[in-house]
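As a plain string of letters, each chain reads:
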2 protein chains.
Amino acid sequence: MAPRSGKGTLGAAAEIFQRICPGRLVLDHVSGRWGVPVMVLLRQGPARYFELREAIDGVSEKMLSQTLRALVRDGIVARRATSSIPPRVTYELTELGRGVAGPLGDLLAWLSEHQDELVAAQRAHDELESSASSVA
Amino acid sequence: MAPRSGKGTLGAAAEIFQRICPGRLVLDHVSGRWGVPVMVLLRQGPARYFELREAIDGVSEKMLSQTLRALVRDGIVARRATSSIPPRVTYELTELGRGVAGPLGDLLAWLSEHQDELVAAQRAHDELESSASSVA
DNA sequence: CCGTATCCTTGCGGATACTG
DNA sequence: CAGTATCCGCAAGGATACGG
C-alpha cells in the first residue's frame, strides 16, 4: 500500500471529492494551463510582464494577465509596479508562492524523471490497442 | 543554473515552457478536473467503476470513462475486467501510478495545510480592491 | 510598456439514450 | 454492471484592438 501514513492515508485530501472546496480554488489555478509555467519561471526570480510573455510559448496577453491576477489574488505572486512612464511591472513569488512551488516542483521533477516510462506506457498501450483490432 | 533535480531547483522542469512536451501529456491529465479525485481515491486501493462514480461527487459517466482511459493509457491506472456477466471491472494504481501519487499527494497536502492562508490572502486582496474603488 | 475590453472559436463537460 | 455514442450548452481561451 501507500508508503504514507497507514490509516488515514487519504487524510487531508478528503475534501477534494466535494465539488467545491478551498483547495480547489487554488488547485484550479495551479493546474490551469498557464499557472504552472508562470510559477516555475518565477522560481528563478522576479520577471517583468513582457519577459513572461516571451518566455512562455503560446500564451496570449489575455491569458497571462488573467493567470497573473489569479495568482496575485491567491497570494502566490506579488506584483510590484512603478507608477511612472514607461511603466515597469515586475512579478515575483511570495513566501506562500515559494511554499507551493516546492511540492509543485517535486511533482514536475517526478514527471520529468519518469517521462520515459510514461511515454513508453502510452506507446505500449497504443500498440496493444491496434493489434487488438487486427486479432478478430 | 543548476540542472540538478529534487527539491528546490527548477532543473528538469525547463521543458514545460514548450507548448508540447511529454510532461504536459500527463500533467494535463493530472491537472484535469477529475484526474486528481480518481487517483486520490485509488490510493486507498482498487475500486470498481460504479464505486468511483458514487464516490466522486458530480462526475458523469462520460468524464469518468474518459479520465480512466486516459490514466490507463498513461500507465498510471490498471484496468482489470472479468469477461463474464455481470461484468466486474476494477481499477487500481500501477507502480507508476503510486509513484506519481506521492508527489501529487504532497502537493495536495500542502494545499490543505495552507488553505487558510490562501483564502485569507484572497479575502485581503478582495478587500483592498473594494476599498481602492472607494478612495477616489 | 502594461495591460483591459471585445469578439469569436474551440472543445470541455453534462445529460441522455443506447449496447454488450 | 460497465461502458459508448450523441447532442448541446457554456465557458475557457486565442486574436485583435484599444486605453493608461
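Nothing here was measured: the structure is a model prediction, and the numbers come from that model. (Residues numbered from 1 in each chain as written. Chains lettered and ligands numbered in written order. Predicted model: local features only at pLDDT ≥ 70, side-chain atom pairs only at ≥ 80, totals over all residues. Heavy atoms only, no water.)

### Focus: the packing of aromatic side chains
The final tally for this structure, using the stated rule, is zero aromatic pairs over all chains. Residue placement shows Arg 33 of chain B over the ring face of Trp 34 of chain B; its charged tip is 4.4 Å from the ring centre. (Phe/Tyr/Trp six-rings, centres within 6.5 Å; stacked < 30°, edge-to-face > 60°. Lys NZ or Arg CZ within 6 Å of the ring centre and 35° of its normal.)

### Observations concerning the protein's contact with DNA strand C
What surrounds DNA strand C is a group of 19 residues, the closest being Phe 50, Arg 79 and Tyr 91 of chain A together with Lys 62 and Met 63 of chain B. The sugar-phosphate share of atoms of DNA strand C within 4 Å of the protein amounts to 56%. For DNA strand C, a phosphate oxygen lies 3.2 Å from a polar atom in the backbone of Phe 50 of chain A. Between a phosphate oxygen of DNA strand C and a side-chain N or O atom of Tyr 91 of chain A, the distance comes to 2.7 Å. Sorting the residues of the surface near DNA strand C by element identifies helix 3 (49-55), helix 4 (61-73) and strand 3 (88-93) of chain A together with helix 4 (61-73) of chain B as the ones contributing at least two each. A total of four residues in the surface near DNA strand C trace back to one element, the largest contributor, which is helix 4 of chain A. Considering only residue class, the surface near DNA strand C consists of eight nonpolar, three polar and eight charged. (Near = heavy atom within 4 Å. Polar contact = N/O pair within 3.5 Å; in protein donor to acceptor, adjacent residues only side chain to side chain. Helix = DSSP H or I, 4+ residues; strand = E, 2+ residues; numbered from the N terminus. Nonpolar A, V, L, I, M, F, W, Y, C, P; charged D, E, K, R; others polar.)

### Regarding the pattern of salt bridges
All names here are of chain B. Counted under the stated rule, the structure contains 10 salt bridges over all chains. Between Arg 123 and Glu 127 there is a salt bridge whose closest N-O contact spans 3.8 Å. Residue Arg 123 and its partner Glu 127 are both found in helix 5 (residues 95-133); the two are separated by four residues, about one turn of the helix. Taking the relative accessible area as the measure of exposure, Arg 123 reaches 53% and is therefore exposed. (Salt bridge = Lys/Arg side-chain N within 4 Å of Asp/Glu carboxyl O. Buried < 20%, exposed > 50% of the residue type's maximum accessible area, 1.4 Å probe, protein only.)

### Side note on the protein's contact with DNA strand D
Around DNA strand D, the surrounding shell holds 17 residues, and the nearest of these are Lys 62 and Met 63 of chain A together with Phe 50, Arg 79 and Tyr 91 of chain B. The protein-proximal atoms of DNA strand D, defined as those within 4 Å of the protein, are 56% sugar or phosphate. Between a phosphate oxygen of DNA strand D and a side-chain N or O atom of Tyr 91 of chain B, the distance comes to 2.7 Å. Tallying contributions element by element places helix 4 of chain B first for the surface near DNA strand D, with four residues. Looking at the surface near DNA strand D residue by residue, the class counts come to eight nonpolar, two polar and seven charged.

### Quick word on the sheet that holds strand 3 of chain A
Residue and element names in this part refer to chain A. The three strands lie next to each other as 1-3-2, forming an open sheet whose pairing is antiparallel. Looking at strand neighbours, the two that pair on one side only are strand 1 (47-48) and strand 2 (77-82), the edges of this open sheet. Across six bridges, the pairing between strand 2 and strand 3 is antiparallel. Each bridged residue has a counterpart across the sheet, and for Ala 78 the counterpart in strand 3 is Glu 92. Lying on the sheet, helix 2 (residues 35-42) is in contact with strand 1, strand 2 and strand 3; it crosses strand 3 at an angle near 90 degrees. (Pairing = 2+ DSSP bridges. Contact = heavy atoms within 4.5 Å. Axes fitted to C-alpha atoms, helices over the stretch in contact; angles between N-to-C directions.)

### As for the packing of helix 2 (residues 35-42) of chain B against helix 4 of chain B
All names here are of chain B. Between helix 2 and helix 4, the shortest axis-to-axis distance is 10 Å and the interhelical angle comes to 70 degrees. Accordingly, the angle class assigned to the pair helix 2 and helix 4 is roughly perpendicular. Where helix 2 crosses over helix 4, the handedness of that crossing is right-handed. Residues Gly 35, Val 38 and Met 39 of helix 2 form the contact with helix 4, whose own contacting residues are Leu 64, Thr 67, Leu 68 and Leu 71. Of the residues belonging to the contact of helix 2 with helix 4, the class tally is five nonpolar, two polar and no charged. (Parallel < 35°, antiparallel > 145°, perpendicular 65-115°, else oblique. Left-handed = near helix turned anticlockwise from the far one by under 90°.)

### Notes on the sheet that holds strand 3 (residues 88-93) of chain B
Residue and element names in this part refer to chain B. Here three strands make up an open sheet; going across it, the order is 1-3-2 and the pairing antiparallel. Unpaired on one side and paired on the other, strand 1 (47-48) and strand 2 (77-82) mark the two borders of the sheet. As paired elements, strand 1 and strand 3 share two bridges and run antiparallel to each other. Directly across from Arg 48, in strand 3, lies its bridge partner Thr 90. On top of the sheet, helix 2 reaches strand 1, strand 2 and strand 3; it is set at about 90 degrees to strand 3, its chief contact.

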